[in-house]
Amino acid sequence: MAIPFKGTKEQEEQLKAVIAAHKGEKGATIPVLHEAQDIYGYLPIEVQKMIAEGLGVSLAEVYGIVTFYTQFSLNPKGEHPIGVCLGTACYVKGSGDILEKLKDILKIDVGECTDDGKFSLDATRCIGACGLAPVMTIGDDVHGRLTVDQVEGIVKQYS
Amino acid sequence: MSEKINMVNMKINGMEISVPENYTILEAARENGIDIPTLCYLKDVSKTGACRMCIVEIKGARALQASCVYPVSEGLEVLTNTKKVRDQRRVTLELLLSDHDRKCLSCPRNQKCELQALADDLGVENIPFEGEMNTYDIDEVSASIVRDNNKCVLCRRCVNMCKNVQTVSVIDTMERGFRTKVGSAFDMSLADTACVNCGQCIISCPTGALREKNNTKEVWNAIADDSKVVIVQTAPAVRAALGEEFGYPMGTAVTGKMAAALRRLGFDKVFDTDTGADLTIMEEANELVERIKNGGKLPMITSCSPGWVKFCEHNFPDFLDNLSSCKSPHEMFGAIIKSYYAEKHGIDPKSIFMVSVMPCVAKKFEAGRPEMECGGLRDVDAVISTRELADMIKEAGIMFSKLPDEEFDQPFERASGAGVIFGATGGVMEAALRTAADTLGGKSVEEIEYHGVRGVEGIKEATVNMGGMDVKVAVAHGLGNARKLLENIRDGKADYHFIEIMACPGGCVNGGGQPIVASKDKMDKDLRVERAKAIYSEDRASGIRKSHENPDMVTLYNEYLEKPGSHRAHELLHTTYTSRGLF
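Criteria and cut-off values
Sequence positions are assigned chain by chain, starting from 1 and proceeding in written order. A letter from A marks each chain and a number from 1 marks each ligand, given out in the order of writing. With the structure being a predicted model, the display of local features is reserved for residues of pLDDT at least 70 and the display and counting of side-chain atom pairs for 80 or more, all residues being used for whole-chain, interface and lining totals. Working from all heavy atoms in the structure, the side-chain values ignore hydrogens and water. Numbering of helices and strands starts at the N terminus; helices are DSSP runs of H or I of at least 4 residues and strands are runs of E of at least 2. For this measure, only C-alpha atoms enter the radius of gyration; the expected value for a globule follows 2.2 Å times N^0.38, where N is the number of residues. Only protein chains enter the accessibility calculation, which uses a 1.4 Å probe. A residue is then buried if its area is under 20% of the maximum for its type, exposed if over 50%, and partly exposed in between. In this description, contact between two residues means that some pair of their heavy atoms is separated by no more than 4.5 Å. All accessibility values rest on the Shrake-Rupley procedure with a 1.4 Å probe; residue burial counts only the protein chains present in the view. The charged-residue count follows a simple rule in which Lys and Arg add positive charge and Asp and Glu add negative charge, with His and chain termini not counted at all. Positions of charges follow a simple convention, taking NZ of Lys, CZ of Arg, CG of Asp or CD of Glu. The term buried area refers to how much accessible surface (probe radius 1.4 Å) is lost by two components on association, counted for both of them together. Any Lys or Arg side-chain nitrogen located within 4 Å of an Asp or Glu carboxyl oxygen qualifies as a salt bridge. Any pair of nitrogen or oxygen atoms within 3.5 Å is treated as a polar contact; in protein, a donor-acceptor pairing is required on top of that, and neighbouring residues in sequence qualify only through side-chain atoms on both sides. Three residue categories are used. Nonpolar comprises Ala, Val, Leu, Ile, Met, Phe, Trp, Tyr, Cys and Pro, charged comprises Asp, Glu, Lys and Arg, and polar comprises the others, including Gly. A pair of strands counts as paired when DSSP detects no fewer than two bridges linking them. Convention adopted: a line fitted to C-alpha atoms gives each axis, helices being fitted over their contacting stretch, and angles between N-to-C directions are expressed from 0 to 180 degrees. Annotation comment: domain bounds sourced from an automatic or database domain assignment. Our working definition of a disulfide is a cysteine sulfur pair at a distance within 2.5 Å. Throughout this description, any angle smaller than 35 degrees is read as roughly parallel, any larger than 145 degrees as roughly antiparallel, any in the 65 to 115 degree range as roughly perpendicular, and the remainder as oblique. Helix crossings are classified by the rotation of the near helix relative to the far one: an anticlockwise turn of less than a right angle makes the crossing left-handed, while a clockwise turn makes it right-handed.

Asks: What exactly am I supposed to notice about the overall build of chain B here?
Replies: When helices and strands are counted, chain B shows 20 helices and 19 strands. Its C-alpha atoms give chain B a radius of gyration of 25 Å, within 12% of the compact-globule value 25 Å for 583 residues. The burial tally for chain B puts 59% of its 583 residues in the buried class. Contacts spanning at least 24 positions in sequence make up 73% of the contacts within chain B whose residues lie at least 6 apart. Carbon and sulfur atoms make up 48% of the accessible area of chain B, which totals about 23300 Å². Taking the 71 positively charged and 84 negatively charged side chains of chain B as two groups, their mean positions are separated by 4 Å.

Asks: Could you clarify how one ought to interpret the interface of chain A and chain B in this entry?
Replies: By a frequent convention, interface size equals the accessible area lost on bringing the separate parts together. Contact with chain A, which involves 18 residues of that partner, is made by 15 residues of chain B. Where chain A abuts chain B, roughly 1400 Å² becomes buried across the two surfaces, and 71% of that area is made up of carbon and sulfur atoms. Interface area lost by chain A to chain B is led by A60(A), Y63(A) and F68(A), which between them contribute 38%. Here chain A and chain B share one salt bridge between them. The closest approach of N and O atoms between E61(A) and K163(B), which form a salt bridge, is 3.1 Å. In this structure, the connection of chain A to chain B is made through four residue pairs in polar contact (both at pLDDT 80 or more). Residue assignment for the side of chain A that touches chain B shows that the elements contributing at least two residues are helix 3 (45-55) and helix 4 (59-68) of chain A. Sorting elements by how many residues they give to the side of chain A that touches chain B places helix 4 of chain A first, with seven residues. Split by residue class, the side of chain A that touches chain B holds 10 nonpolar, five polar and three charged.

Asks: How should I be thinking about the sheet that holds strand 4 (residues 141-143) of chain A in this particular structure?
Replies: Sheet strands pair via backbone hydrogen bonds, and the direction of the pair is either parallel or antiparallel. All names here are of chain A. Spatially, 2-1-3-4 is the arrangement adopted by the four strands of the open sheet, whose pairing is mixed. Among the strands making up the open sheet, the edge pair consists of strand 2 (119-124) and strand 4. The sheet shows a mean angle of 20° between the axes of neighbouring strands, taken without regard to direction. Strand direction decides the pairing type here: strand 1 (residues 80-85) and strand 2, joined by six bridges, are parallel. Across the sheet, the residue bridging to G83 is D122, located in strand 2. Along the sheet face, helix 6 (residues 95-106) touches strand 1, strand 2 and strand 3 (136-138) and points at about 150° away from the line of strand 1.

Asks: How should the domain arrangement of chain B be read in this particular structure?
Replies: Residue and element names in this part refer to chain B. The domain architecture assigned to chain B consists of domain 1 (7-81), domain 2 (101-212) and domain 3 (216-573). For domain 2 and domain 3, the distance between their C-alpha centroids amounts to 29 Å. Residue-level contacts link 23 residues of domain 2 with 31 residues of domain 3. When domain 2 packs against domain 3, close to 2000 Å² is buried across both sides, 52% of that on carbon and sulfur atoms. When the buried surface of domain 2 facing domain 3 is broken down by residue, V196, I203 and E212 rank first, second and third, together holding 29% of it. Counting every contact that joins domain 2 to domain 3 gives three salt bridges. Put simply, R387 and E212 hold a salt bridge, and the shortest N to O gap is 2.6 Å. Where domain 2 touches domain 3, the interface holds 12 residue pairs in polar contact (both at pLDDT 80 or more). Taken together, the elements giving at least two residues each to the side of domain 2 that touches domain 3 come down to helix 3 (114-121), helix 4 (157-165) and helix 5 (200-204).

Asks: How should I be thinking about the domain arrangement of chain A in this particular structure?
Replies: Domain boundaries assigned for chain A yield domain 1 (9-68) and domain 2 (80-158). One C-alpha centre belongs to domain 1 of chain A, the other to domain 2 of chain A, and the line joining them spans 31 Å.

Asks: Please explain the state of the cysteines as it appears in this structure.
Replies: Residue and element names in this part refer to chain B. Scanning the entire structure with this criterion turns up zero disulfides over all chains. Of all cysteine sulfurs in the structure, the one in C113 sits closest to C104, which takes part in no disulfide; the separation is 6.3 Å. Overall, the relative accessible area of 31% leaves C104 in the partly exposed class. C504 provides the cysteine sulfur closest to C360, a residue in no disulfide bond, and the two sulfurs are 6.3 Å apart. By relative accessible area, which is 13% here, C360 ends up buried.

Asks: So what exactly am I meant to see when it comes to the packing of helix 2 (residues 29-40) of chain A against helix 4 of chain A here?
Replies: Helix-helix packing: each pair is described by the crossing angle between the helix axes and the interaxial distance. All names here are of chain A. One way to put it is that helix 2 packs onto helix 4 with a least axis distance of 11 Å and a crossing angle of 65°. Classed by the angle they form, the pair helix 2 and helix 4 counts as roughly perpendicular. The crossing of helix 2 and helix 4 is right-handed. Note on element contacts: helix 4 touches helix 2 through V62, I65 and V66, opposite T29, I30 and L33. Partitioned by chemical class, the residues of the contact of helix 2 with helix 4 number five nonpolar, one polar and no charged.

As structure tokens, this is what we get:
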């Protein structure tokens, strides 16, 4: 959790309204987490504590739910979110190696964000660009027919 | 009990039986002499059907069913011992064992482990599945509890205990699939959470994944150090359960043998925390009477249970002024040993190493609280649990059953029966009432057994007339019950003068530091009731049954403390609390 929490007063007000709207409902935690992630982009400890306190459930339970479902993220997206396609075509063309190379360069794991907040790394399903396999996306840019050697140079263009 | 429960007829392994309709197959089988293996099931705590160890064949059912959650019904036919059942149970167990740190020889639960016993019972000969294994760092930051997830079987008994029974809720299941683990939010150590150190998770755990922080090394070292005067005290509940570690039936008081064993371990003096309990009552009953007479904060709530105290600090900071300012008995006794006793016997208090044997692991944390000292000396230097004491006795080669019955050392050899019953839920209340009734009434009250506050009902209430005044009291044991009681007071639905709260269900007899009883045995008997019997019989056999009639108390106050609530008593015997927040 190297990235400092940068939540604003407005975001906190929004979250409080969401919690108030769901309070007392059975099974309120998951919908509140979804909306909280929409507000903040991810679910850091500060946000989970507000939810636990607001709904009267334990932080352990909230964290348990967040780590169970893959659509919840503990880490923010970077300024340049990187996605590596692990769909069948890309995978057989070696996108697994591309992903390893990225982990190595950025020193983060899948689902994490670099300390400077620049890059986050995700492994994605097929993005429909099989003709360009193996493919990675950085923000809205698509980089296709990649080789492991090219990866570092491409990432440098964004730093 | 008044509701009529219908019986149903069913067959288990061809045998016709009749059982109450609210039974599960597991209960029906057990009552009729058929043992079904279980792992995640824990009576009154955990009933999820998750581990699949208790599967049985049911006529007409599609697949094998978990008997711990399967209700009985009229005409049900069950087979618990077919080849299919046995083979499937064994494969499930082998899969569990394939991701288990199988270093049984050096595990604290060696030979007391339910997983090990299952492997033996189900005939596991080798573990055919080899593959990736999870490895986890051991969390040993807490002063009381060690968590080793390498030994965890994900049965969730600890989670259910912590969350549903105690409502402490600092552990839960995290992640999913192969990465699933039990832990605290954001991988925090238990020490950094609102864990109250009650240790109920430890005595719920079937394996060695949870254990107490072991302090026996410090004690052995102190005993070996000739420059130290090593003094030990034992809590009332220890004598009620220690025998179980040496084959005595549950509920056997082994007070005399315990004193003998402690002497043979090399302690210089062997004292009884019951004396500390008598002292607590002197101070606490006085505090209650003062609060009632002078319009102080009521209800007053007992402060002997360190698990409860920390629970209050995290969850009910608005009740901190209601907590009695009394330290717990062993802390009081430690403070007296290092002051009055040391002075009287010409011992340098700095050379005293005070050891408490407790049924409790929260006492380990309590002994480390910065407030628990006087004049720069810790009240208590080391706390070991009943289990750790048993380990020391075994390590020393002492044959427990062959020991003579010995007395505690003088001058504190005769505590009152009131001090003994501290070990069971309702006991502190009863002990305090025995003294407060005499104080408020101005005469010795004959009727001293307060049965309204005894027993294992979660919340007990009584009204006691003392000196013409109706005093309303309540007793709660188990923190879920404490939460309920306090919320009722907060909401204005109840009010009392005096409340006793103990963190552990049943009180100290079922403390987190007590001998671990296998889930199977918990199905057959209520250990809270059995162990309490040992305590109440010792009270009945006691010549002195009220704390203020203990001659040691009279001497102690005459020679040193002057009177309950005196300046010196406050310095040595009273404490303060801290609001800690939930996160």
